[in-house]
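# Reading the structure
Take a look at the letters that make up each chain.
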Amino acid sequence: AKAAGKNQAYVFTPRLRIEQAGRSSLTEGLRHAVARDELEVRYQPVVDLDSGEMLAVEALLRWHPVGGLVMPDRFIPVAEDTGLIIPIGAHVLQRACADARPWYERHGVAVHVNISGHQLRRPDVVDTVLEALHSSGLPGEALVLEITETALLATGRDEAAPAIAHLATLREHGIRAAIDDFGTGYSSLSYLRDLPVDIVKIDGAFTRIAAETGEEARRRRALAGAIVDLCASLDLTAVAEQVETQEEAEALRALGCPQGQGYLFGRPVPREEIDGLLDSATVA
Ligand code: C2E
Ligand code: CA
Ligand code: CA
Ligand code: CA
């Protein structure tokens, strides 16, 4: 046992140290990212699956430290652990609301912003969101907050309660909420009925399933269809994520899914490209 313990320490310590060094330099860089203007918000279209029309955009964060690009899957967890998600999240809200105002005024296009559980549990989240609306002039109806079911519920009912209460307060100001990555976490369908949400973003895994063919896939497809039907019967708008092919878009439409998002319709792009897409749609 002693030898095994020694061996374990020898094998695992260096890797752990590298991992920690990586995290602490990320933290150090991230601490100055807002002030140094290294954060960029990109926008990906959410479309009507029947007409292809752009109905909304999702704000997706990119970090450009000197000479690099870091994706959110890498730095958002660090930002959450260190509390830096609070200033960063407030910055994203400000930026996204300001960028979206002309899109909403001229084209009725709403903006979705991702919110982490840490942000949503804090009592000042309501003020932070309302301040972003106020300073940008964007109406509450034009803003959707996206939150994963895990972030909302995984910590247990007691910790979930403030987050749910804050969503309910924000809803009084017209702001809508979306459950993100639906189907990957708790997947308890009954809670959908009880939460103050308006939109369900169905995880990309179901987009793949919807387009599968053959007899063995029949039951999996039925599950994807049942989720779409459940959303409709609860008056929740379903948005299929990660739609990459025409076959997937058609299969989802056949299941009755009203909205979709994914590389087929457009990648996350800088603000100016959304301007261009909306202007050309008006001219055509
Ligand atoms: P998410 O909210 O589920 O965002 C969708 C992710 O799917 C994005 O990754 C997007 O680029 C990617 N995606 C879109 N269409 C397709 C497709 O057709 N195929 C594939 N394979 N992928 C597609 P991204 O931008 O790397 O963001 C990753 C995650 O980071 C987001 O997942 C979200 O959880 C988080 N995140 C991004 N921005 C923010 C933010 O401002 N605040 C917070 N709290 N989290 C953020
Ligand atoms: Ca999202
Ligand atoms: Ca998602
Ligand atoms: Ca995701």
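See the structure above.
Let me sum up the structure you'll find in this document. All of these numbers come straight from a predicted model, not from anything done at the bench. (Residues numbered from 1 in each chain as written. Chains lettered and ligands numbered in written order. Predicted model: local features only at pLDDT ≥ 70, side-chain atom pairs only at ≥ 80, totals over all residues. Heavy atoms only, no water.)

## Observations regarding the overall build of the protein chain
Our working rule: Helix and strand definitions here come from DSSP, where helices need a minimum of 4 consecutive H or I residues and strands a minimum of 2 consecutive E residues; each element is numbered from the N-terminal end. Only protein chains enter the area calculation, which uses a 1.4 Å probe; residues under 20% of their type maximum are buried, those over 50% are exposed, and those in between are partly exposed. Contacts are assigned to residue pairs with any non-hydrogen atoms lying within 4.5 Å of each other. Methods summary: accessible areas were calculated by the Shrake-Rupley approach with a probe of 1.4 Å, and residue burial reflects only the protein chains presented.
Looking only at helices and strands, one finds 12 helices and eight strands in the protein chain. Going through the 284 residues of the protein chain one by one, you find that 43% of them count as buried. A sequence separation of at least 24 residues applies to 67% of the contacts in the protein chain between residues at least 6 apart. Accessible surface, the protein chain as shown: approximately 14,500 Å² in total, 52% of it carbon and sulfur.

## A look at helix H2 (residues 72–82)
For clarity, the cut-off: It is the directions from the helix axis to the C-beta atoms that the arc portrays.
Within H2 the residues assigned to the buried category are Pro 72, Phe 75, Val 78 and Ala 79. Here the buried residues of H2 occupy an arc of 145 degrees about the axis, which is enough to place them on one side. Projecting away from the buried face of H2 at angles above 90 degrees are the exposed residues Asp 73 and Asp 81. Of the residues flanking the end of H2, it is Gly 83, one or two places downstream, whose phi is positive at about 85 degrees.

## What to know about the coordination of the calcium ion (ligand 2)
Heads up, the rule is: Metal coordination here is assigned from N, O and S atoms located within 2.8 Å of the ion, or within 3.2 Å for Na, K and Ca; omission of water means that sites may look incomplete.
For the calcium ion (ligand 2), every protein donor is listed as Glu 58 (OE), Asn 114 (OD1), Glu 146 (OE) and Asp 180 (OD), and the spread of their distances is 2.2 to 2.3 Å. Read in sequence order, the donor residues coordinating the calcium ion (ligand 2) give the pattern E-x55-N-x31-E-x33-D. The metal-metal distance between the calcium ion (ligand 2) and the calcium ion (ligand 3) is 3.9 Å, with Asp 180 coordinating both. Linking Glu 146 in strand S4 (residues 143–148) with Asp 180 in strand S5 (residues 176–182), this pair joins segments that are 34 residues apart in sequence. Residue Asp 180 is classed as buried on the basis of its relative accessible area, which comes to 7%.

## Digging into empty space enclosed by the protein
Cut-off, in case you're wondering: Definitions used throughout: a 1 Å grid over protein atoms alone; a cavity as a set of points that fits a 1.4 Å probe which cannot get out; a pocket as an open set with protein on both sides within 12 Å along at least five of seven lines; a lining residue as one with an atom within 4 Å of a point. Grid points are joined across faces, edges and corners, and a volume is the space filled by probe spheres set on the points. Under this grouping Gly is polar, as are all residues other than the nonpolar Ala, Val, Leu, Ile, Met, Phe, Trp, Tyr, Cys and Pro and the charged Asp, Glu, Lys and Arg.
A full pass over the atoms with the stated rule returns one cavity of 30 Å³ or more. Taken as a whole, the largest cavity holds about 40 Å³ of empty space. Along its surface, the largest cavity is lined by Ile 202, Phe 206, Ala 210, Ala 224, Ile 227, Val 228, Ala 240, Leu 252 and Leu 255. Where the lining of the largest cavity is concerned, the elements lending two or more residues are helix H9 (204–210), helix H10 (218–233) and helix H11 (246–255). Of the residues forming the lining of the largest cavity, the biggest block, three residues, is contributed by H10. Of the residues in the lining of the largest cavity, the class split is nine nonpolar, no polar and no charged.

## Thoughts on the sheet that holds S4
Rules: Being paired, for any two strands, means DSSP has found at least two bridges between them. The axes used here are C-alpha line fits, helices contributing only the stretch in contact, and every angle between their N-to-C directions lies in the interval 0 to 180 degrees.
Strands sit in the order S1-S2-S3-S4-S5-S6-S7-S8 around a closed barrel of eight strands; the barrel is mixed. Taken pair by pair, the neighbouring strands of this sheet meet at an average axis angle of 30 degrees, ignoring direction. Sheet topology note: the strand S7 (residues 237–240)/strand S8 (residues 259–261) ladder contains two bridges and is parallel. By the bridge assignment for S8, Val 239 is matched with Gln 259.

## Observations regarding the coordination of the calcium ion (ligand 4)
All of the protein donors around the calcium ion (ligand 4) are Asp 181 (OD) and Asp 181 (OD); their distances to the metal are 2.8 to 3.0 Å. The two metals, the calcium ion (ligand 4) and the calcium ion (ligand 3), are separated by 3.8 Å and share Asp 181 as a common coordinating residue. Looking at where Asp 181 falls in the secondary structure, it is placed in strand S5.

## What to know about the site of ligand 1
Where we set the bar: Throughout, near means a residue has at least one heavy atom within 4 Å of the molecule or strand. Any pair of N or O atoms that falls within 3.5 Å is considered a polar contact. Within protein, one atom must be able to donate a hydrogen and the other to accept it, and sequence-neighbouring residues count only if both atoms are side-chain atoms. Put plainly, a molecule is in a cavity or pocket when over half of its atoms are within 2 Å of the grid points there.
Looking at ligand 1, there are 21 residues lining it, with Gln 44, Arg 62, Asp 180, Glu 244 and Tyr 263 nearest. Within the side chain of Arg 62, an N or O atom sits 2.9 Å from an oxygen atom of ligand 1. Contact between ligand 1 and Glu 244: a nitrogen atom at 2.5 Å from a side-chain N or O atom of the residue. Taking a 2 Å distance to the grid points as the criterion, the majority of the atoms of ligand 1 fall inside the largest pocket. Of all the secondary structure elements, the ones that give two or more residues to the shell around ligand 1 are strand S2 (54–63), H2 and S5. Among the elements that line the shell around ligand 1, the one with the most residues is S2, at four residues. Here the shell around ligand 1 is composed, by residue class, of nine nonpolar, five polar and seven charged.

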